[in-house]
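Reading the structure
Take a look at the letters that make up each chain.
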Amino acid sequence: MASTSNSQSSIQDDDDQEEEIEHFDDFTLASSWERFISEIEAVCRQWLATGPKNLVKKDAVCLDFSKNIYKVRSELKYAMKNYSMEYYFEPFNDGKVADWISTSHDLQQSFGVKDFLVIAPQSASGVVLDAPEASKLLSAVSIAMSNSSSLWPAFVPVHDPSRRAYIGIQNMGTIFTRRFEADRIGSQVPIKLMHLEGLYELFVSKFAYSTVDLSMHLFKVHFRMKLTYRTLPTDDDPEVQQESEFLESGRHSEFETHNKIQWDDDCPWSEWYSAEDPVKGLELLTIWSERTVDTSLVMAELENASPLEADKWFIFPNLSPYLETSDGSTIGFASQLRLLVNALDSSLGAQFMEDFVSVENSGSDNMKSSAVIPPPTVLDRVLKDLFHEDAEVKLDFADAENKNSRAIKGAPLESLFAQFCLHALWFGNCNIRAIAVLWIEFVREIRWCWEESQPLPRMPTNGTVDLSTCLIYQKLHMLAICIEKKHQENKEHPDVGDKKTSPYIEGKAQITKQSSSLLEVTEDSSGERDSLTARNDLGSHGVATSLSNSEQQNFASPTDTKLSEYIRMGSAGVVGSTMLLNSCQQMHAPFTQDPPLMTEDMHEERLKAVEAFGDSFSFSAQLEKEILSSDMSAFKAANPDAVFEDFIRWHSPRDWENDDNGKLAVSQAKAGEVSKNEWPPRGRLSERMSDHGSSWRKIWNEAPSLPAFKQKPLLDPNREGEKVLHYLETMRPHQLLEQMVCTAFRAAADTLNRTAFGGLKLMTSKLGQLYLTMASTLKSLQRNSLSVDSEIIEDLTRLCVIFEHVEKLLTVAASLHRKFLQAPRLSEAIFSDFYNFYLPKMGTGSGSHDIDKSQEFTKKQQIMAREKEVVASMFTPPTANQSWRKVLSLGNLLNGHEPILREIIFSKRDHVSGGYYAGSYAGGYPQEIETYRMYLCGTSNDLRVALAVASCD
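So, how was this worked out
Per chain, residues are indexed from 1 in the order of the written sequence. In keeping with the model being predicted, local features are shown solely for residues with a pLDDT of at least 70 and side-chain atom pairs are shown and tallied solely at 80 or more, while totals for entire chains, interfaces and linings include all residues. Hydrogens and waters are ignored; side-chain quantities use all the structure's heavy atoms. UniProt positions are given in the numbering used here, feature names are shortened, and annotations may be inferred rather than shown by experiment. In this description a helix means any DSSP run of H or I spanning at least four residues, a strand means any run of E spanning at least two, and both kinds are numbered starting from the N terminus. Remark: exposure states derive from per-residue accessible area (1.4 Å probe, protein chains only) relative to the maximum for the residue type, with buried under 20%, exposed over 50%, and partly exposed in between. By definition in these notes, contact holds between two residues if any of their heavy atoms fall within 4.5 Å. Using a 1.4 Å probe, accessible areas were evaluated by the Shrake-Rupley method; residue-level cover was limited to the displayed protein chains. Confidence per residue, as judged by the predictor, is encoded in pLDDT with a range of 0 to 100. Here a polar contact is recorded for every N or O atom pair within 3.5 Å, except that within protein the pair must consist of a potential hydrogen donor and a potential acceptor, and residues adjacent in sequence are included only if both atoms are side-chain atoms. Axis geometry follows a simple rule: fit a line to the C-alpha atoms, using only the stretch in contact for helices, then measure angles between N-to-C directions, giving values from 0 to 180 degrees. Angles below 35 degrees are treated as roughly parallel, those above 145 as roughly antiparallel, those between 65 and 115 as roughly perpendicular, and all remaining angles as oblique. A pair of strands counts as paired when DSSP detects no fewer than two bridges linking them. Salt bridge, as applied in this entry: a Lys or Arg side-chain nitrogen positioned within 4 Å of an Asp or Glu carboxyl oxygen. Two helices crossing with the near one rotated counterclockwise from the far one by less than a right angle form a left-handed crossing, whereas a clockwise rotation gives a right-handed crossing. Throughout, the ten residues Ala, Val, Leu, Ile, Met, Phe, Trp, Tyr, Cys and Pro are labelled nonpolar, Asp, Glu, Lys and Arg are labelled charged, and all others, Gly among them, are labelled polar. For this analysis, a nonpolar core means a set of buried residues of the types Ala, Val, Leu, Ile, Met, Phe, Trp, Tyr and Cys, connected via side-chain atoms within 4.5 Å. Pairing of aromatic side chains requires ring centres within 6.5 Å, counting the rings of Phe and Tyr and the six-membered ring of Trp. Pairs whose planes differ by under 30 degrees are stacked, by over 60 edge-to-face, and all others tilted. Note on criteria: charge over ring means Lys NZ or Arg CZ within 6 Å of the ring centre, with the direction from the centre no more than 35 degrees off the ring normal. To estimate the expected span of a helix, count its residues, drop one, and scale the result by 1.5 Å. The bend at a residue is defined as the angle formed between two axes, one fitted to the seven residues ending at that residue and one fitted to the seven starting there.

The protein is annotated in an unreviewed UniProt entry as Rab3 GTPase-activating protein catalytic subunit of Coffea arabica. Among the UniProt annotations of the protein, the heading Sequence similarities (unreviewed entry) holds the following wording: "Belongs to the Rab3-GAP catalytic subunit family." Of the comments in the UniProt record for the protein, the one headed Subcellular location (unreviewed entry) reads "Cytoplasm".

Given below as structure tokens:
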């Protein structure tokens, strides 16, 4: 049994040995350090074999600050510690080392390398604090690089992380090795190292003997320098804070108790809010190209040189952080439009606006607490601005509109309702209760204007109703015309001006004027005709003459004319050489009344009635009976001997057919003379008028002979005015909010469209796209079919996000335009760069979309020689308050501004030809190599030094 157990145990041992043999261990690697080198070598060989472009396709990660630099990472373990090795590379680089302008990695700029490795411990600090450990890591990487025939430089972070210190090594073939070292002085920089002369001597000391007097010997040193200047930021005055009433009133001019000028005081939106300047400042880079320096005295001269002597200038803006968010937190039109959309959502289902004012019916407790109503003083200021200030505002609406503005069914910017909507955006933070209070008082003011016959401010009192606008604007336009007509009647008839009934005097058919009083009729006609107009059909005949002149012509020779001519009234002049059919007299065109005004809902009601009756022509004639009868009466008064056919020839020429195939029956005589031989005209009514003219002829027979000024007006301003007020007072809340949303979007866009931004094509195009997007989105609000579950609210919220992006772009364009008025090329170039940077981040998603903050706008624009003086003038000399803390120490002042950052590169090159290694070197290397390179970066309080030394090892 014992032997059996021993044999079984021996078999198990053999199996264990076989398992160990299956997991092959290379015992030629004598130590863990050598295994560590082998792992590094294997990873490097893999990266080399894959290639940069394939690494990008696999697992390489692009760095946040640069789109051209990628990195891959591998984890290693040595001596119970974990390390990470990262390979940084530029897959699309043509082999050039990063210059001053390109966005590069800190180690690339410091040591002038392209692709490189960084090996660091996986610890909280990420640096190697132990010097022997750092040396061992660097040695392992160097051996691995040599074994894999890689020329990548490798770096190890050392010391404290705040020092940003590195040591590194690079194999440059079989002959040369380059060593790197970087460190930083964080405070109390020696005075000598604040000046170019001291920095030059620091570099020379690295390769010159210590006993040499550096100021007395010549060394051929190559020198490059970049100085960065920044405009002084505008001081933030803590006393100049937005008052709490700012959001409630919408106009901050009344609260300004200081003389501080804001950057956007002349911008159109400053009437409603003050925007933060998106361009907080400008950074200027002045670059001295490479030159050879042989003594420290030359460096002293360079320190006193003007930045204008630099070879190249570049500039880029420092943008405000608020451009990085789009959550509505930034105060502007977009943020308030979001609130208005929320108010629209809250209005769905309510019956009257008064329901939101009442505490009992205002909804949940949460809404009561958040929906704050401003105090009465704020309400009074808003109403005063709407109804009592700027009453004589110019109503040239077209000037403020974009060509696509009329596609949005809102109200013109300067109109009363548009201004009401803009005020509502800022009144009580645009909650539904505040809007209800403002609207109720707004309608009360309108009724007061109506009852007192006071002109409605910011509204035209003539013209036709524009059906492309919203219905509230149409109603207000009609009301303004009614008030004007009512006011005129009160002036003409003061005895009936205070009566509530209609003050209009109906015309009489009887005319009892005697021939001795003809001149009185003429004066009356000329006095009354100013408020009347001739039919548009007259324009084609060119006979719109004044009434007094025509009357004088008619009554020039009473003894030679018939009695019918003595009673002609309301004539606007003769119609060319057209003769009447039954009397050899010229046809006179009458002054006619304006057609009655109709709003969109009135047109819809009339259209529905036409559809209900079926025969549209006959019913249209019936509906237009009052207008047609008025025109016929005026025509009869101007042509006492006219017949129905004469009226058709004037009113509807296409319904009169001449016997000579459509040519005029009466020829055009020279000098206005009419040949009586060509009278009477020959022709007949058209077939259309013959079939349907019976109703017209009946109206003709019933129409009295009355000039327009004696007729009953077609528009009853009392009746129509009361209809308008009834509509305004009984509107459903969602109907009001729908029109407010459309008008507010249009008015806000029209306000921004007034901004002066130098005519930037990209900005102009974006504004046009915004109008088209708004028109498409807001069109759904005109269907009156909103429900609580409707997706329209979501569409409007997305529209607010788009509006916010365009608003931000516009503020950037306006700010750049003001800063570069004398250099418009720079303004356009910088905005174009920012537009291309910002456009992919806009999107059309939800309102909580945030821009990736890791991506910063750093595109730089080169300044032309002719633009240097303009840019230099932007760096105004600092005031005593701005510069009292500073001690100017770096030199190269620009209008009193010292550079905020100075970067210098010293280098020394040596020839290899004729040297010990010349034979083996010349075949694979150039004849000159950079043996010493020093990069210095910092200010008077901070200095970073990076040194690279190449040697023959």
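What follows continues from the structure just given.
**Looking at the overall build of the protein**
Along its length, the protein carries 31 helices and 19 strands. Out of the 953 residues belonging to the protein, those deemed buried represent 49%. For the protein, contacts bridging at least 24 residues in sequence account for 73% of all contacts bridging at least 6. Carbon and sulfur atoms provide 50% of the accessible area of the protein, an area that totals close to 47500 Å².

**Describing the confidence of the model for the protein**
Parts of the prediction with low pLDDT should not have their coordinates interpreted in detail. Per-chain confidence: the protein averages 78 in pLDDT, with 73% of residues scoring 70 or above. For the protein, helix α16 (residues 518–528) is the element with the lowest average pLDDT, namely 32, and helix α13 (residues 416–426) is the one with the highest, namely 96. The low-confidence segment residues 1–9 (pLDDT under 50) makes zero contacts with residues lying over four places distant or belonging to another chain. A low-confidence stretch, residues 914–922 (pLDDT under 50), is modelled with twelve contacts involving residues beyond four sequence positions or located in other chains.

**Section: the side chain of Gln-739**
Positionally, Gln-739 belongs in helix α25 (residues 733–753). By relative accessible area, which is 13% here, Gln-739 ends up buried. Among the polar contacts listed, one links the side chain of Gln-739 to the backbone nitrogen of Leu-471, at a separation of 3.1 Å. Non-local contacts of Gln-739, meaning those with residues more than four positions away in its chain, are made with Phe-417, Cys-470, Leu-471, Ile-472, Tyr-727 and Met-731.

**Section: the packing of α25 against helix α27 (residues 792–819)**
The angle between the axes and the distance between the axes are what describe a pair of packed helices. Viewed as axis vectors pointing N to C, α25 and α27 meet at an angle of 10°, and their least axial separation amounts to 11 Å. Looking at the two axes, α25 sits roughly parallel to α27. Across from Val-741, Phe-745, Ala-748, Ala-749 and Leu-752 in α25, the residues of α27 making contact are Leu-796, Leu-799, Cys-800, Phe-803, Glu-807 and Leu-810.

**Notes on the pairing of strand β6 (residues 165–171)**
The buried fraction of β6 is high, at six of seven residues. As paired elements, β6 and strand β7 (residues 176–185) share six bridges and run antiparallel to each other. For Ile-167, the partnering residue across the bridge sits in β7 and is Glu-181.

**Focus on the pattern of salt bridges**
Applying the stated criterion to the full structure yields 38 salt bridges. Here Glu-441 and Arg-444 are joined by a salt bridge, their closest N and O atoms 2.7 Å apart. Highlighted residues: Glu-441 and Arg-444, both in helix α14 (residues 432–451), separated by three residues, approximately one helical turn. For Glu-441, a relative accessible area of 22% translates into the label partly exposed. A salt bridge links Arg-746 to Asp-750; the nearest nitrogen and oxygen atoms lie 3.9 Å apart. Of this pair, Arg-746 and Asp-750 both sit in helix α25, four residues apart, which is roughly one turn of the helix.

**Looking at the pairing of strand β4 (residues 116–121)**
Most of β4 sits out of view: six of its six residues are buried. Neither face of β4 is left uncovered, since the one carrying Phe-116, Val-118 and Ala-120 and the one carrying Leu-117, Ile-119 and Pro-121 both have all their residues buried. Where strand β3 (residues 81–89) meets β4, six bridges bridge the pair, whose relative direction is antiparallel. Looking at the pairing, Glu-86 lines up with Val-118 of β4. Pairing of β4 with strand β5 (residues 154–158), which is carried by two bridges, proceeds in the parallel orientation. Residue pairing in the sheet places Leu-117 in a bridge with Ala-154 of β5.

**Side note on the environment of Ser-652**
Within the secondary structure, Ser-652 is located in the loop between α22 (644–651) and β14 (656–658). Expressed as a C-alpha distance, the spacing of Ser-652 and Met-689, which sit 37 residues apart in the sequence, is 9.6 Å. With residues up to four places along the chain from it excluded, the contact list for Ser-652 reads Phe-647 and Arg-688.

**Structural notes on the packing of helix α2 (residues 32–50) against helix α5 (residues 131–147)**
It is at 8 Å that the axes of α2 and α5 come closest, and there the two elements cross at 50°. The angle between α2 and α5 places the two elements in the oblique class. The two elements α2 and α5 cross, and the hand of that crossing is right-handed. The segment α2 lies against α5, with Trp-33, Phe-36, Ile-37, Ile-40, Glu-41, Cys-44 and Arg-45 engaging Lys-136, Leu-137, Ser-139, Ala-140, Val-141, Ile-143, Ala-144, Met-145 and Asn-147. When its residues are assigned to classes, the contact of α2 with α5 shows eleven nonpolar, two polar and three charged.

**A short note on the nonpolar core**
By size, the foremost hydrophobic cluster in this structure holds 159 residues, and its most contacted members are Phe-333, Phe-417, Trp-439, Phe-803 and Phe-906. Considering each element in turn, this core owes the most residues, 14 residues, to α27. The residues touching Phe-417, leaving out its near neighbours within four places in the chain, are Ala-411, Trp-439, Cys-470, Ile-472, Leu-476, Leu-736, Gln-739, Met-740 and Thr-743. Phe-36, Tyr-70, Val-128 and Ile-169 belong to the second-largest nonpolar core, a separate cluster that totals 32 residues.

**Some thoughts on the packing of aromatic side chains**
Summed over the entire model, instances satisfying the criterion amount to 38 aromatic pairs. Cluster of aromatic residues (ring-pair linked, three or more members): Tyr-200, Phe-203, Phe-207, Phe-219, Phe-223, Phe-906 and Tyr-932. The cationic tip of Lys-486 hangs over the ring face of Trp-450; the distance from NZ or CZ to the ring centre is 4.2 Å.

**What about unusual backbone geometry?**
For Ser-453, which is not glycine, the phi torsion reads 55° and is therefore positive. Turning to its location among the elements, Ser-453 is positioned in the loop between α14 and α15 (471–492). Since its relative accessible area comes to 8%, Ser-453 is described here as buried. Phi is positive for Asn-892, which is not a glycine, with a value near 50°.

**A few points about helix α28 (residues 824–842)**
The terminal C-alpha atoms of α28, which comprises 19 residues, lie 26 Å apart, in line with the 27 Å expected from a rise of 1.5 Å per residue. The largest bend along α28 reaches roughly 25° and is located at Asn-836, with the proline Pro-840 sitting one to four residues downstream. Every buried residue belonging to α28 is among Leu-826, Ser-827, Ala-829, Ile-830, Phe-831, Asp-833, Phe-834, Tyr-835, Phe-837, Tyr-838, Lys-841 and Met-842, and all of these are buried. Buried residues along α28 sit in contact with β10 (312–319), α26 (761–778), α27, β16 (861–863) and α29 (868–874).

**Considering the environment of His-388**
Position of His-388 among the secondary structure elements: in the loop between α12 (376–387) and α13. Sequence-wise, His-388 and Pro-457 are 69 residues apart; in three dimensions their C-alpha atoms are separated by 7.8 Å. Dropping the residues within four chain positions of it, His-388 is found in contact with Leu-383 and Glu-445.

**Focus on α26**
With 18 residues, α26 extends 26 Å between its outermost C-alpha atoms, agreeing within 8% with the 26 Å of an ideal straight helix rising 1.5 Å per residue. Among all positions of α26, only Met-763, Lys-766, Leu-767, Gly-768, Leu-770, Tyr-771, Met-774, Ala-775, Thr-777 and Leu-778 are buried. Check the buried side of α26 and you find it contacts α25, α27 and α28.

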